[in-house]
Amino acid sequence: MAISDSLKSVKSRIAAACVAAGRPPDAVQLLVVSKTFPGSAVREAFAAGARAFGENYVQEGLAKVGELIDLRGQLEWHLIGPLQSNKTRPVAEQFDWVHSVDRLKIAERLSEQRPPELPPLNICLQVNISAEASKSGLLPGEVAPLAAQVATLPRLRLRGLMAIPEPGPGALAQHRAMAALFEALKAEGLALDTLSLGMSADLEDAVAAGSTLVRVGTAIFGAR
Ligand SMILES: *Cc1c(COP(=O)(O)O)cnc(C)c1O
């Protein structure tokens, strides 16, 4: 399928899931996950109307930002994969969003290294909602204290939470637990607007639970 067609069908899935959940059809933003696909695929998705792209690996992401520098003012780059402290500087300089912050040290470095001429870097805290030992992210009980600290850093804008629920029978409960955590932080007074939840296989569950941004790769570009 052409990228423009698969993009259209993913957008219809999102809109249908919104309607099924009684939410406005435009309540959920699409982040196109371009990891492992070439810059030419990003260009094709851009031509078909996509404006926000997600990358997992810092080096690969930076290479694509450079390759598509002619479009720089017209699209957003989101880092959705793990970030080591020795790679924060180019990320602070080149990306618009980081979804995978789970330590104060990383957030502090990103804030210090964000260039003053750019708007604040948008941040989501990653939550290990399935509590799998192999996964990165904060345990639910660790989220509120880190959120309060990150919210005070001058060159960051804390936007919300991100998670990768474990597929299977318990998935919907994990999506709902993420939405509850997100609502609890807002109730404590944090001005959050982004629940980054849902991928190709589980975007319907995510939208039903309250996701505001789904990260979709396979359903747009094909298998990696
Ligand atoms: C790869 C990836 C995605 C996209 O997953 P698909 O199943 O290809 O849609 C979303 N989020 C993260 C964090 C990823 O690493």
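Before any of the text, the structure's been laid out above.
Described in the following lines is the structure provided in the data block. Note that the structure is a prediction, hence the values are computed from the model and not measured. (Residues numbered from 1 in each chain as written. Predicted model: local features only at pLDDT ≥ 70, side-chain atom pairs only at ≥ 80, totals over all residues. Heavy atoms only, no water.)

The subject of this paragraph is the state of the cysteines. Tallying each qualifying case throughout the model produces zero disulfides. No disulfide involves cysteine 18; its sulfur sits 18 Å from that of cysteine 124, the nearest cysteine. On the basis of relative accessibility, which here comes to 0%, the residue cysteine 124 falls in the buried class. (Disulfide = S-S within 2.5 Å. Buried < 20%, exposed > 50% of the residue type's maximum accessible area, 1.4 Å probe, protein only.)

Moving on: the layout of surface pockets. Volume-wise, the largest pocket comes out at about 420 Å³. Surrounding the largest pocket, 23 residues form its lining, Lys35, Ile164, Met199, Arg215 and Arg224 being those nearest its centre. The residue inventory of the lining of the largest pocket, partitioned by class, reads 10 nonpolar, eight polar and five charged. As a volume, the second largest pocket reaches approximately 210 Å³. The wall of the second largest pocket is formed by 13 residues, among which Lys11, Ile14, Val28, Gln29 and Leu30 lie closest to the centre. When residues of the lining of the second largest pocket are traced back to their parent elements, those giving at least two are helix 1 (3-20) and strand 1 (29-33). (1 Å grid on protein atoms, 1.4 Å probe; cavity = no way out; pocket = protein on both sides within 12 Å on 5 of 7 lines; lining within 4 Å. Points joined across faces, edges and corners; volume = space filled by probe spheres on them. Nonpolar A, V, L, I, M, F, W, Y, C, P; charged D, E, K, R; others polar. Helix = DSSP H or I, 4+ residues; strand = E, 2+ residues; numbered from the N terminus.)

Enumeration according to the criterion identifies two aromatic pairs in this entry. With 5.1 Å between their ring centres and 25 degrees between their planes, phenylalanine 37 and phenylalanine 221 make a pair best called stacked. Pair noted here: phenylalanine 37 is in the loop between strand 1 and helix 2 (39-47) and phenylalanine 221 is in helix 9 (residues 218-221), with a separation of 184 residues, a long-range link. Residue phenylalanine 37 is classed as buried on the basis of its relative accessible area of 15%. Here the aromatic rings of phenylalanine 53 and tryptophan 77 are separated by 5.9 Å at their centres, their planes lie at 45 degrees, and the arrangement is tilted. A residue pair is termed long-range when its members are at least 10 positions apart, and phenylalanine 53 in strand 2 (residues 52-55) and tryptophan 77 in strand 3 (residues 76-79) qualify at 24 residues. Note on accessibility: phenylalanine 53 and tryptophan 77 belong to one class, buried. Positioned above the aromatic ring of phenylalanine 46, the side-chain terminus of arginine 51 is 3.8 Å from the ring centre. (Phe/Tyr/Trp six-rings, centres within 6.5 Å; stacked < 30°, edge-to-face > 60°. Lys NZ or Arg CZ within 6 Å of the ring centre and 35° of its normal.)

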